[in-house]
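Structural overview
Chain by chain, the residues:
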Amino acid sequence: GAHTVGAKGFGDGFTFDNAYYQVLLAQPWVGGDDMAQMIGLASDKSLADYARVRPLIEKYANDGLAWSRDFVDAFRAMSELGC
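Please read all numbers here as calculations on a predicted model, not as lab measurements.

How each quantity is defined
- Residues numbered from 1 in each chain as written.
- Predicted model: local features only at pLDDT ≥ 70, side-chain atom pairs only at ≥ 80, totals over all residues.
- Heavy atoms only, no water.
- Axes fitted to C-alpha atoms, helices over the stretch in contact; angles between N-to-C directions.
- Helix = DSSP H or I, 4+ residues; strand = E, 2+ residues; numbered from the N terminus.
- Parallel < 35°, antiparallel > 145°, perpendicular 65-115°, else oblique.
- Contact = heavy atoms within 4.5 Å.
- Nonpolar A, V, L, I, M, F, W, Y, C, P; charged D, E, K, R; others polar.
- Expected span 1.5 Å × (residues − 1).
- Polar contact = N/O pair within 3.5 Å; in protein donor to acceptor, adjacent residues only side chain to side chain.
- pLDDT = per-residue confidence, 0-100.
- Buried < 20%, exposed > 50% of the residue type's maximum accessible area, 1.4 Å probe, protein only.

What follows is about the packing of helix 4 (residues 54-62) against helix 5 (residues 64-80). At a closest axis distance of 5 Å, the pairing of helix 4 and helix 5 adopts a crossing angle of 115 degrees. As the angle between them shows, helix 4 and helix 5 are arranged roughly perpendicular. Contacts between helix 4 and helix 5 involve Lys59, Tyr60 and Asn62 from the first element and Gly64, Ala66, Trp67 and Asp70 from the second. Of the residues contributing to the contact of helix 4 with helix 5, the split by class is three nonpolar, two polar and two charged.

Attention shifts here to helix 5. An ideal rise of 1.5 Å per residue puts 24 Å on 17 residues; helix 5 measures up with 24 Å between its terminal C-alpha atoms. The N-capping residue of helix 5, defined by a side-chain oxygen 3.2 Å from the backbone nitrogen of Leu65, is Asp63. Following helix 5 by one or two positions, Gly82 adopts a phi angle in the positive range, close to 85 degrees.

What follows concerns the confidence of the model for the protein. On average, residues of the protein score 83 in pLDDT, and 84% of them are at 70 or above. Within the protein, helix 4 carries the highest mean pLDDT (96), whereas helix 2 (residues 34-37) carries the lowest (71).

This paragraph deals with the environment of Gly64. Along the polypeptide, Gly64 turns up in helix 5. You can call Gly64 partly exposed: its relative accessible area is 26%.

Written out as structure tokens, the structure is:
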């Protein structure tokens, strides 16, 4: 959702980047202050714990260009389906 690209603690709201994935790996809500606890939804916080998606999170956190390319491909496919 929109909270992953610029709000709710993931990025600055004006930059379309891979900050979401970097934050998932950094897990600032673990041992953080009260504000850090507010970052993300429970579903976001648990993603990096799943073995099936962890490699994608690591890939996108470390390679913003790969994330951008895959996002464009997925967005195009969804648009062509009328989603």
